[in-house]
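Read off the chains here:
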Amino acid sequence: MKIRLFIAQAAIVAAGVAAIAGSASAEVIIVAPNAPPPVRMEPVPPARVGYVWDKGHWRWEHGQYVWNPGHWQVERVGYHWVPGHWVAHGPNYHWVEGHWA
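Residues numbered from 1 in each chain as written. Predicted model: local features only at pLDDT ≥ 70, side-chain atom pairs only at ≥ 80, totals over all residues. Heavy atoms only, no water.

A. Spatial organisation of the packing of aromatic side chains. Across all of its chains, the model carries seven aromatic pairs by this definition. Measuring from centroid to centroid gives 6.5 Å for Tyr 51 and Trp 72, while their planes differ by 70°, and the two rings are edge-to-face. With a gap of 21 residues between them, Tyr 51 in strand S3 (residues 51–54) and Trp 72 in strand S6 (residues 71–74) connect regions that are remote in the sequence. When the ring of Trp 81 is compared with that of Trp 100, the centres are 5.2 Å apart and the planes differ by 65°; the resulting orientation is edge-to-face. Of the two residues, Trp 81 sits in strand S7 (residues 81–82) while Trp 100 sits in strand S10 (residues 99–100), which places them 19 residues apart along the sequence. Judged by its relative accessible area of 16%, Trp 81 is buried. By relative accessible area, which is 17% here, Trp 100 ends up buried. Three or more aromatic residues joined by ring pairs form one cluster here, namely Trp 60, Tyr 65, Trp 86 and Trp 95. The ring of Tyr 51 has Arg 48 sitting right over it, with the charged end atom 4.2 Å from the ring centre. Across from the ring centre of Tyr 79, 4.3 Å away, lies the NZ or CZ of Arg 76, which sits over that ring. (Phe/Tyr/Trp six-rings, centres within 6.5 Å; stacked < 30°, edge-to-face > 60°. Helix = DSSP H or I, 4+ residues; strand = E, 2+ residues; numbered from the N terminus. Buried < 20%, exposed > 50% of the residue type's maximum accessible area, 1.4 Å probe, protein only. Lys NZ or Arg CZ within 6 Å of the ring centre and 35° of its normal.)

Structure, rendered in C-alpha cells:
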C-alpha cells in the first residue's frame, strides 16, 4: 500500500509543472502534493505612486516549497491586483497566478 502511495505522489510531483499550449500563449499549471508552509510575515514598504505591492508567497520548485519575496507591480489603471495563491484540490494544491482583474 505504501509503495502505491509513493508511486502516486512521485507521479504527481513529476507532473507538477505542466505547460498547456494556448493559441497565443502558454499557461503553466503548478501542482504540489502538500500544503504550503505558513506565509512569512514581511514588512510592506511605503506606498509608491503607480505601483502596487505583490506580497511574498511560497512557490513550488524542484519538489519543495521556496519563498518568493514580495515585489512591486506596475499599476494598471482601472484594475485591481489579485495576488497569487494556493488552492486545495483534493490532496494536492494548485497555484493560481497573480493577475489584474
